[in-house]
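Residues per chain are reported as follows:
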Amino acid sequence: MKEFGYQRVLEVSEAISVLGADPDARFLGGGTNLVDLMKTGVERPGRLVDVRELPLGHVELTSDGGLRIGATVTNSDLAAHPEVRRRYPALAQAVLAGASGQLRNMATVGGNLLQRTRCGYFTDVAGPCNKRLPGSGCPAIEGEHHNHAIFGASEHCVATHPSDMGVALAAFDAVVRYETADGPGELPLADFYLPVGDTPHLETALPSGALITGITLPPAPVAAHSRYRKVRERASYAFAIGSIAAALDVRDGVVQEVRLAFGAVASRPWRALAAERALTGGPATAEAFAAAADAELAAAEALPHNGYKVPLMRNLVVALLTELTEEAAR
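Fair warning: this is a prediction, and the values are worked out from it, not measured in the lab.

Caption draft 1: Layout of the side chain of Arg177. Tracing the backbone shows Arg177 in strand S6 (residues 175–180). Other than its neighbours up to four places away in sequence, Arg177 contacts Arg68, Ile69, Gly185, Glu186, Leu211, Ile212, Thr213, Gly214, Ile215 and Thr216.

Caption draft 2: View of the sheet that holds strand S11 (residues 254–263). Read across the open sheet, the four strands follow the order S9-S10-S11-S12; overall the sheet is antiparallel. Edge positions in the open sheet fall to strand S9 (226–232) and strand S12 (270–271), since each of these has one partner strand only. Sheet analysis places S9 next to strand S10 (residues 240–251), joined by seven bridges and oriented antiparallel. The residue bridging Arg227 from the neighbouring strand is Ala246, located in S10. Relative to S10, helix H13 (residues 309–329) is tilted by about 35°, and along the sheet it contacts S9, S10 and S11.

Caption draft 3: Geometry of the domain arrangement of the chain. Taken domain by domain, the chain holds domain 1 (5–50) and domain 2 (228–329). One C-alpha centre belongs to domain 1, the other to domain 2; they are set 37 Å apart.

Caption draft 4: A look at the pattern of salt bridges. Applying the stated criterion to the full structure yields 18 salt bridges. Asp24 is the salt-bridge partner of Lys2, the closest N and O atoms lying 3.1 Å from each other. You can see Lys2 sitting in the segment before strand S1 (5–8) and its partner Asp24 sitting in the loop between helix H1 (12–21) and strand S2 (25–28), a full 22 residues away along the chain. Look at Lys2 and you get partly exposed, because its relative accessible area is 29%. We classify Asp24 as partly exposed; its relative accessible area is 35%. With its nearest N and O atoms 3.2 Å apart, the salt bridge here joins Arg116 to Glu43. Taken together, the positions of Arg116 in the loop between helix H7 (109–114) and helix H8 (120–123) and Glu43 in the loop between helix H2 (34–40) and strand S3 (47–50) put the pair 73 residues apart, joining distant regions of the chain. For the pair Arg116 and Glu43, a shared accessibility class is recorded, and that class is buried. Each of Arg26, Glu43, Arg116, Lys131 and Glu203 takes part in salt bridges that share partners, so that together they form one network.

Caption draft 5: Just the environment of Asn306, in detail. Structurally, Asn306 can be placed in the loop between helix H12 (286–297) and H13. With a relative accessible area of 0%, Asn306 lands in the buried category. A sequence separation of 50 residues divides Asn306 from Gln256, and the C-alpha atoms of the two residues are 33 Å apart. Apart from residues no more than four positions distant in its own chain, Asn306 is found in contact with His145, His146, His148, Ala149 and Ile150. In terms of polar contacts, Asn306 uses its side chain to reach the backbone carbonyl oxygen of His148, at 3.0 Å.

Caption draft 6: Representation of the packing of aromatic side chains. In the structure shown here, the tally under the stated rule is four aromatic pairs. Aromatic side chains Phe151 and Trp270 sit 4.6 Å apart centroid to centroid with 10° between the ring planes, which places their arrangement in the stacked category. Taken together, the residues span a long stretch of sequence, with Phe151 in the loop between H8 and helix H9 (165–171) and Trp270 in strand S12 at a distance of 119 residues. Given the relative accessible area of 1%, Phe151 is considered buried.

Caption draft 7: View of the sheet that holds S1. The strand order across the open sheet formed by three strands is S1-S3-S2, and the pairing between neighbours is parallel. Edge positions in the sheet fall to S1 and S2, since each of these pairs with one other strand and no more. Going from strand to strand, the sheet's axes swing by 25° on average, the running direction of each strand aside. Relative to S3, S1 is paired through four bridges, and the arrangement is parallel. Within S3, the position partnered with Gly5 by the bridge is Arg47.

Caption draft 8: Just H13, in detail. For H13, spanning 21 residues, the distance from its first C-alpha to its last is 30 Å, which sits close to the expected 30 Å at 1.5 Å a residue. Considered for burial, the residues of H13 that qualify are Lys309, Leu312, Met313, Leu316, Val317, Val318, Leu320, Leu321, Leu324 and Thr325. Check the buried side of H13 and you find it contacts S9, S10, S11, helix H11 (273–279) and H12.

Caption draft 9: Region of the structure containing the nonpolar core. If you look at the biggest cluster of nonpolar residues, it comprises 56 residues, and the most contacted ones within it are Leu78, Leu91 and Leu113. If sequence neighbours within four positions are ignored, Leu78 has contacts with Val59, Ile69, Val73, Val84, Leu91, Val95, Val109 and Met165. The next biggest cluster of nonpolar side chains, apart from the first, holds 33 residues, and it includes Val265, Leu279, Met313 and Val317.

Caption draft 10: View of helix H5 (residues 89–97). Of all nine residues that make up H5, seven are buried, and the element is covered over most of its length. Every buried residue belonging to H5 is among Pro89, Ala90, Leu91, Ala92, Ala94, Val95 and Ala97, and all of these are buried.

Caption draft 11: Structural detail: the packing of H12 against H13. Running from amino to carboxyl end, H12 crosses H13 at an angle of 145°, the nearest separation of the two axes being 9 Å. For the crossing formed where H12 meets H13, the hand is right-handed. Seen from H12, the contacting residues are Ala286, Phe289, Ala290, Ala293, Asp294 and Leu297; seen from H13, they are Val310, Met313, Arg314, Val317, Val318, Leu321, Thr322 and Thr325.

Reading the values: rules and limits
- Residues numbered from 1 in each chain as written.
- Predicted model: local features only at pLDDT ≥ 70, side-chain atom pairs only at ≥ 80, totals over all residues.
- Heavy atoms only, no water.
- Helix = DSSP H or I, 4+ residues; strand = E, 2+ residues; numbered from the N terminus.
- Contact = heavy atoms within 4.5 Å.
- Pairing = 2+ DSSP bridges.
- Axes fitted to C-alpha atoms, helices over the stretch in contact; angles between N-to-C directions.
- Domains from an automatic or database assignment.
- Salt bridge = Lys/Arg side-chain N within 4 Å of Asp/Glu carboxyl O.
- Buried < 20%, exposed > 50% of the residue type's maximum accessible area, 1.4 Å probe, protein only.
- Polar contact = N/O pair within 3.5 Å; in protein donor to acceptor, adjacent residues only side chain to side chain.
- Phe/Tyr/Trp six-rings, centres within 6.5 Å; stacked < 30°, edge-to-face > 60°.
- Expected span 1.5 Å × (residues − 1).
- Core = buried A, V, L, I, M, F, W, Y, C linked by side-chain atoms within 4.5 Å.
- Left-handed = near helix turned anticlockwise from the far one by under 90°.

And the structure:
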């Protein structure tokens, strides 16, 4: 591991100033992803700027009925917060599905958004990877790709985003707040992650030197009736091979509103807008749920060894929306 400096900061302005003066510095939250990548040589910062003591560790109600979540809130605290569990249960469930208890105690909300892919070619510095070394190639396309993307990939990268939390945030139109030397800004999560295209090493639309300060969830009454479901290759702590966040409002057998987002199928949390459009105003039946899933999955471009994700996601949509419909009828 490359030797590095360490500095703890107590104010947002100080953190931004330190990073601005040292282009080789990186912000350190819980370190559950960054430190692992430093150990393998993927990340090689010259200085770590510890931001855990910044005054960004609170979850608060907004005046319009949404939530404001600070960037240094730990995953454990987020999942346990009563307003998160009451207003956005799928978010709490996604966080609890995301890691072991020890990791959730350390990992932060801001860091979770910025975690990088777990593709084996990305973490192997001895080989090529366009995300790690632009222009070197994507060996996953012809190699091991059973857990890689079926949406939004390109000839330059087929890796997936690993976050569970991000899937639920995508379903509920989260907005990422940040601070730069020029002042505050915000990005809808839908615009936060960049398309892969021919620049997979450029992952987010955050301005250079920006510090994530929090996430805002707008009010969404439908989110109170939501669930998160994750499929993985073992029952214990593992990354998803497919996941879904769903929220559903059904009245008199008709879908009034639905939110759907998929995980482990693209380089970013994937909002299933085609499926939402197909369902809204229609019957809340298993047949309609399957047809909506098919409408979304028609755009999937599977590789030779990850085509199983298409029926997997279809089955997840039908199962979870059926479960939510049955609950609403009780």
